[in-house]
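Chain by chain, the residues run as shown.
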Amino acid sequence: MSVMSQLPEYEKGIYNHIMIKEIHQQEKTISLELADYIKDGLADLSSLGIDDILLSAEKIYLIGCGTAYHAGLVGRTLIEKLAGIPVESDIASEFGYRHIPWRKNQLMVVISQSGETSDTLMALREAKKHGVPVLAITNAQDCTMNREADRFMVIKPGPELAIASTKAYTSQLVVMYLLALYLADKKGTYDKAELKEIGHELMGIDAAIEKVFAQEEKIMNIAWRYRHIEDTFYLGRGLDAAVAMEGALKLKETSYIHSEAYATGELKHGPIAVITPGMPAVALVTQEKTADKSIANLQEIRKNGGHIIAVCSEKLVSLCGEFEEIITIPNVNSDITPLLSVLPLQLFAYYMAVFRGNDVDKPRGLTKSVQVE
Ligand code: M6R
């Protein structure tokens, strides 16, 4: 029985599936998450009572599974760049088996939609065993992680019912921005005016989100054209690489298509060999600094007959002009593109699943909360 058919009529609203409803809820949930913590352009997390463990951290471990891990990858880049603190992001199921050289003044941040994932709990307990404080970022007030962590912060997108996470991911991303901006401000590691600029842009992100959703029909048509594929790559550099991982996971989960995420620059070190004529690669091109290099790598795919579905910033469109498909995201500070570039990837995964006749909200063999190690 599908999740949708188990819901009362009023929950379905105008949508055919919960996943697409939750994708569209991001038009509100992203701003909602930001509004409480950005004042006059600066992030302020003081009301959470986490300053003691956060501001003393000389190293941060961002730990999660699946989508939550991908949010941590974005967090790593942001915190290292803005706050200058070394960050490791790792998959919870691997973390527990590492031999971490634990030190004083370290912090573990566990990210989990459900707050119940066994692998993430195992990592949390490992840190606590070594006296390292843990901050849990969850989407549930009453969950095991909140009870066992030293502090917790609950994100605000509301319950997420579709198995493929969408709105929880972007809310987790918002928390990554808040942590990075707050740490940078408190530690004085980044120019305050620039921090404020990012904060103000984040507060105005609604308009940009709307522009992305305005391309939904185009994305649906692209999905229709490629609905029969069995393999694809998701590519990006820097922050784009982290979002590519989330895009590839979304497609796998909902459409059962083999999709692999790679850092664009890594392509030439082997994976390019599997490109066959007509095979599409979804390429994110939102980072000005690396765009030229990425384009050169992507042209190699086309030389082998592959197609490029580009998700690129408006200002970089001229570089992507030759590609088979182009989805644009509005020009924003290059640090905040993940909040926008993931939206077309979610829509693409959704429509691919619909066109393949899959149970979108309840993909085969998956559960919402994985409580086995
Ligand atoms: O509840 P959690 O955030 O801890 O779950 C972690 C993963 O199992 C979860 O993100 C999974 O990858 C999703 N189904 C992704 O859409």
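Residues numbered from 1 in each chain as written. Predicted model: local features only at pLDDT ≥ 70, side-chain atom pairs only at ≥ 80, totals over all residues. Heavy atoms only, no water.

**Here's the deal with the sheet that holds strand 3 (residues 59-64)**
No. 1: Read from one edge of the open sheet, five strands run 4-3-5-6-7, paired in parallel fashion. Two strands bound the open sheet, and with one partner strand each, they are strand 4 (87-91) and strand 7 (151-154). The sheet shows a mean angle of 20 degrees between the axes of neighbouring strands, direction not considered.
No. 2: In terms of strand pairing, strand 6 (residues 134-138) meets strand 7 through four bridges, oriented parallel. Bridge pairing links L135 to R151 in strand 7.
No. 3: Set on the sheet, helix 9 (residues 167-187) makes contact with strand 3, strand 5 (106-112), strand 6 and strand 7; between it and strand 5 the angle comes to about 160 degrees. (Pairing = 2+ DSSP bridges. Helix = DSSP H or I, 4+ residues; strand = E, 2+ residues; numbered from the N terminus. Axes fitted to C-alpha atoms, helices over the stretch in contact; angles between N-to-C directions. Contact = heavy atoms within 4.5 Å.)

**Points about the pairing of strand 8 (residues 231-236)**
No. 1: Of all the six residues making up strand 8, five are buried; the element is thus mostly covered by neighbouring parts of the structure.
No. 2: Where strand 8 and strand 9 (residues 258-263) come together, six bridges link them in parallel fashion. Looking at strand 9, one finds that Y234 is bridged to A261.
No. 3: Traced from strand 8 through helix 13 (residues 239-255) to strand 9, the parallel crossover comes out right-handed.
No. 4: As judged from the three bridges shared by strand 8 and strand 10 (residues 280-285), these two strands associate in the parallel manner. Residue pairing for strand 10: L235 is matched across the bridge by A283. (Buried < 20%, exposed > 50% of the residue type's maximum accessible area, 1.4 Å probe, protein only. Right-handed = clockwise from strand over helix to strand, strands pointing away.)

**Considerations on the domain arrangement of the protein**
No. 1: Here the protein is partitioned into domain 1 (3-203) and domain 2 (211-355).
No. 2: Taken over C-alpha atoms, the centre of domain 1 sits 25 Å from the centre of domain 2.
No. 3: Listed per partner, the contact involves 31 residues of domain 1 and 25 residues of domain 2.
No. 4: Note on domain 1 versus domain 2: buried area summed over both sides is about 2300 Å², and carbon and sulfur give 69% of it.
No. 5: Here domain 1 is connected to domain 2 by one salt bridge.
No. 6: In this structure, K81 engages D335 in a salt bridge whose closest nitrogen and oxygen atoms are separated by 3.0 Å.
No. 7: There are ten residue pairs in polar contact (both at pLDDT 80 or more) connecting domain 1 and domain 2.
No. 8: At the level of secondary structure, the elements contributing two or more residues to the side of domain 1 that touches domain 2 comprise helix 3 (18-35), helix 5 (66-83), helix 9 and helix 10 (192-203).
No. 9: In terms of residues, the side of domain 1 that touches domain 2 owes the most to one element, helix 5, which gives ten residues.
No. 10: Residue classes in the side of domain 1 that touches domain 2 are distributed as 17 nonpolar, eleven polar and three charged. (Domains from an automatic or database assignment. Buried area = accessible area lost by both parts, 1.4 Å probe. Salt bridge = Lys/Arg side-chain N within 4 Å of Asp/Glu carboxyl O. Polar contact = N/O pair within 3.5 Å; in protein donor to acceptor, adjacent residues only side chain to side chain. Nonpolar A, V, L, I, M, F, W, Y, C, P; charged D, E, K, R; others polar.)

**Some words on the pairing of strand 4**
No. 1: As judged from the five bridges shared by strand 3 and strand 4, these two strands associate in the parallel manner. What sits directly across from G64, in strand 4, is I91.
No. 2: As a crossover connection, the stretch from strand 3 through helix 5 into strand 4 is right-handed.

**As for the site of the ligand**
No. 1: The full set close to the ligand counts 14 residues, and S112, Q113, S114, T117 and E253 are the nearest of them.
No. 2: Note that an oxygen atom of the ligand is positioned 2.6 Å from one of the side-chain N or O atoms of S112.
No. 3: Between an oxygen atom of the ligand and a side-chain N or O atom of T117, the distance comes to 2.5 Å.
No. 4: Burial of the ligand by the protein chains amounts to 91% of its free accessible area of 410 Å².
No. 5: Secondary-structure elements contributing two or more residues to the shell around the ligand are helix 5 and helix 13.
No. 6: Broken down by class, the residue content of the shell around the ligand amounts to five nonpolar, seven polar and two charged.
No. 7: A domain-level breakdown of the shell around the ligand finds at least three residues from each of domain 1 (3-203) and domain 2 (211-355). (Near = heavy atom within 4 Å. Areas by Shrake-Rupley, 256 points an atom, 1.4 Å probe, with all protein chains shown as cover.)

**Concerning the sheet that holds strand 10**
No. 1: A sheet is described by the order of its strands in space; here five strands give the open sequence 9-8-10-11-12, paired in parallel fashion. The outermost strands of the open sheet, each flanked by one partner alone, are strand 9 and strand 12 (325-329). This sheet shows a mean twist of 15 degrees between the axes of neighbouring strands, independent of strand direction.
No. 2: Of the strand pairs in this sheet, strand 10 and strand 11 (residues 307-313) are connected by six bridges, and their pairing is parallel. The residue of strand 11 that forms the bridge with V282 is I309.
No. 3: The strands touched by helix 12 (residues 216-225) are strand 11 and strand 12; relative to strand 12, the strand with the most contacts, the crossing angle is about 150 degrees.
No. 4: Seen against the sheet, helix 13 touches strand 8, strand 9 and strand 10 and runs at an angle of roughly 155 degrees to strand 8.

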